[in-house]
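A structural walkthrough
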Amino acid sequence: MDTFKEVSKSRKILYRIIATLLILLSIAIGIYLIPDLIPLIKRTPYQLLDPKAVVRNELTQDWFWQSVGWFIAYMIFRIGKSFYKDSKKPS
């Protein structure tokens, strides 16, 4: 029984470390995306009214990749949160 408790304790510590790393990674991705988001929001109304299709296409791609980045950051955060909840469960 002592071996099981030791493995369970090690698993909880490992899950807590993984959770912390994943949450920090999601925060880092968010911080990396914020400097691109603010100018994108500011230029969106002007580029939507631009008659050139190329400009609107670039704007669409920028918004698409920005959303993909935020989605990835959100999913990594949720996974980290799940690992943290699993580390709190009694074994």
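First, a word on what this report is: a plain description of the structure on this page. What you see is a predicted model, and the numbers here were worked out from it, not measured in a lab. (Residues numbered from 1 in each chain as written. Predicted model: local features only at pLDDT ≥ 70, side-chain atom pairs only at ≥ 80, totals over all residues. Heavy atoms only, no water.)

Scanning the chain from terminus to terminus reveals two helices and zero strands. In terms of overall size, the chain is more extended than a compact globule, its C-alpha atoms giving a radius of gyration of 21 Å where 91 residues would be expected to give roughly 12 Å. Considering only C-alpha atoms, the chain reaches an extent of 75 × 20 × 15 Å along its principal axes. Within the chain, the proportion of its 91 residues that are buried is 20%. In the chain, of all internal contacts separated by at least 6 residues, the share reaching a separation of at least 24 is 75%. (Helix = DSSP H or I, 4+ residues; strand = E, 2+ residues; numbered from the N terminus. Rg over C-alpha atoms; globule rule 2.2 N^0.38 Å. Buried < 20%, exposed > 50% of the residue type's maximum accessible area, 1.4 Å probe, protein only. Contact = heavy atoms within 4.5 Å.)

Next up on the list: the pattern of salt bridges. Think of it this way: side chains of opposite charge can pair up when their charged atoms draw near. One pass over the full model with this rule turns up two salt bridges. For D62, the salt bridge goes to R43, with nearest N and O atoms at 2.5 Å. With D62 in helix α2 (residues 53-88) and R43 in helix α1 (residues 2-48), the pair connects residues that are 19 residues apart, well separated along the chain. Among the ionic pairs, D86 bridges to K89, the shortest N-O distance being 3.4 Å. (Salt bridge = Lys/Arg side-chain N within 4 Å of Asp/Glu carboxyl O.)

A separate point is the packing of aromatic side chains. By the definition in use, this model includes two aromatic pairs. The interplanar angle of 75° and the centroid separation of 5.0 Å between the aromatic rings of F64 and W65 together place this pair among those described as edge-to-face. For F64, a relative accessible area of 47% gives the class partly exposed. (Phe/Tyr/Trp six-rings, centres within 6.5 Å; stacked < 30°, edge-to-face > 60°.)

For the rest of this paragraph, the subject is the side chain of S87. With respect to the secondary-structure elements, S87 resides in helix α2. A distance of 2.7 Å separates a polar atom in the side chain of S87 from the backbone oxygen of Y84. What S87 contacts, discounting residues up to four positions off in sequence, is K12, Y15 and R16. (Polar contact = N/O pair within 3.5 Å; in protein donor to acceptor, adjacent residues only side chain to side chain.)

Where nonpolar side chains cluster on the molecular surface, the patch consists of F71, I72, Y74 and M75 and spans about 400 Å² of accessible area. The exposure class assigned to Y74 is partly exposed, which follows from its relative accessible area of 44%. (Patch = residues over 30% accessible without salt bridge, like charges linked within 9 Å, V, L, I, M, F, W, Y side chains within 5 Å. Areas by Shrake-Rupley, 256 points an atom, 1.4 Å probe, with all protein chains shown as cover.)

Let us look at the environment of I76. Mapped onto the secondary structure, I76 falls in helix α2. Excluding residues within four positions of it along the chain, I76 makes contact with L22, L25, S26 and I29.

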